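In case you want the letters, here they are:
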Amino acid sequence: DQQVKQNSPSLSVQEGRISILNCDYTNSMFDYFLWYKKYPAEGPTFLISISSIKDKNEDGRFTVFLNKSAKHLSLHIVPSQPGDSAVYFCAGRAGSQGNLIFGKGTKLSVKP
Amino acid sequence: DGGITQSPKYLFRKEGQNVTLSCEQNLNHDAMYWYRQDPGQGLRLIYYSQIVNDFQKGDIAEGYSVSREKKESFPLTVTSAQKNPTAFYLCASSIIGGSYEQYFGPGTRLTVT
């Protein structure tokens, strides 16, 4: 049973445009959501997080939106740059133990 | 430089051999984690530890073992009982509290033939 779903395995965007990566979840107990970026053969790097009590968090070119009623969150990257090309993982944190549940990732390609 | 180190970057073993992957952190984090990544898959939790001398099984602990004798170190042993050991292994650490951001090491690619 996948608690975190990233239904788009890949996304291609033109440089300068907006990239929107989507994530759906089923676990109502998630209290934090995190986005990670991963290049091949490297460890993921943390991008941005959002608490379940908020609906938006912004950090530079990255904004995460949370729709709790729809159990949906999205990561917006504006403007997209070729260096943003990577796999993006969405993760939910379930409770005080702090374990993260990851989606399968979306591969973003930003074309010059 | 604070961070997480994993060694080696690439590891090759023959089937039937146990192999230990190293993970060290100098971030003074209490919690440490081991994940496995397979192509087209997300990160799956193998084991985690929130305090020295204590650790818990994750979702796919079978065929793996860990130890946490020091706060800085959390080695993972892939035993011969693990049926599909070839994978990319990632170690992470975090504080306990706050948003629980986990910081990842560079990973070890294990190939068993």
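If you're wondering where the values come from, they're calculated on a predicted model, not measured in any experiment. (Residues numbered from 1 in each chain as written. Chains lettered and ligands numbered in written order. Predicted model: local features only at pLDDT ≥ 70, side-chain atom pairs only at ≥ 80, totals over all residues. Heavy atoms only, no water.)

**With respect to the overall build of chain B**
Helices and strands together make up the secondary structure of chain B, namely zero helices and eleven strands. Against the compact-globule benchmark of 13 Å for 113 residues, chain B has a radius of gyration of 13 Å, which places it among compact chains. A principal-axis box enclosing the C-alpha atoms of chain B has dimensions of 40 × 25 × 25 Å. Taken across its 113 residues, chain B has 46% of its residues classed as buried. Of the contacts made within chain B by residues no fewer than 6 positions apart, 52% connect residues no fewer than 24 positions apart. Within chain B, one finds 11 positive and 11 negative side-chain charges whose respective centroids are separated by 8 Å. (Helix = DSSP H or I, 4+ residues; strand = E, 2+ residues; numbered from the N terminus. Rg over C-alpha atoms; globule rule 2.2 N^0.38 Å. Buried < 20%, exposed > 50% of the residue type's maximum accessible area, 1.4 Å probe, protein only. Contact = heavy atoms within 4.5 Å. Lys, Arg positive; Asp, Glu negative; His and termini not counted. Charge placed at Lys NZ, Arg CZ, Asp CG, Glu CD.)

**Overview of the environment of Gln14 of chain A**
All names here are of chain A. Here Gln14 lies in strand S2 (residues 10-14). Here the alpha-carbon distance between Gln14 and Ser80, two residues 66 residues apart in the chain, equals 7.4 Å. Discounting chain neighbours no more than four positions away, the residues touching Gln14 are Ser80, Val110, Lys111 and Pro112. Among the polar contacts listed, one links the side chain of Gln14 to the backbone oxygen of Pro112, at a separation of 3.1 Å. (Polar contact = N/O pair within 3.5 Å; in protein donor to acceptor, adjacent residues only side chain to side chain.)

**Examining the sheet that holds strand S7 (residues 62-67) of chain A**
Residue and element names in this part refer to chain A. A sheet is described by the order of its strands in space; here five strands give the open sequence S1-S3-S8-S7-S6, paired in antiparallel fashion. At either end of the open sheet lies a strand with only one pairing partner, and these are strand S1 (4-5) and strand S6 (56-59). Across four bridges, S6 lies against S7 in antiparallel orientation. Residue pairing for S7: Lys56 is matched across the bridge by Phe65. (Pairing = 2+ DSSP bridges.)

**Thoughts on unusual backbone geometry**
With an omega of -10 degrees, the peptide bond between Val78 of chain A and Pro79 of chain A qualifies as cis. At the junction of Ser7 of chain B and Pro8 of chain B, the peptide bond is cis and its omega measures out at -10 degrees in the coordinates. Looking at where Pro8 of chain B falls in the secondary structure, it is placed in the loop between strand S1 (4-7) and strand S2 (10-13). A positive phi angle, near 50 degrees, is found at Lys71 of chain A, a position not held by glycine. Its place among the elements puts Lys71 of chain A in the loop between S7 and strand S8 (72-77). The class of Lys71 of chain A is partly exposed, set by a relative accessible area of 26%.

**What about the environment of Lys111 of chain A?**
Residues and elements named next belong to chain A. Along the chain, Lys111 turns up in strand S11 (residues 106-111). Overall, Lys111 belongs to the partly exposed group, its relative accessible area being 42%. Separated by 56 residues in sequence, Lys111 and Asp55 have C-alpha atoms that sit 30 Å apart. Sequence-distant contacts of Lys111, defined by excluding residues within four places in its chain, comprise Ser12, Val13, Gln14 and Glu15.

**Thoughts on the pairing of strand S11 (residues 108-112) of chain B**
Residues and elements named next belong to chain B. Relative to S11, S2 is paired through four bridges, and the arrangement is parallel. Residue pairing for S11: Tyr10 is matched across the bridge by Arg109. As judged from the three bridges shared by strand S9 (residues 87-94) and S11, these two strands associate in the antiparallel manner. Along S11, the bridge assignment pairs Tyr89 with Thr108.

Don't take any of this as a statement about function, it's just geometry.
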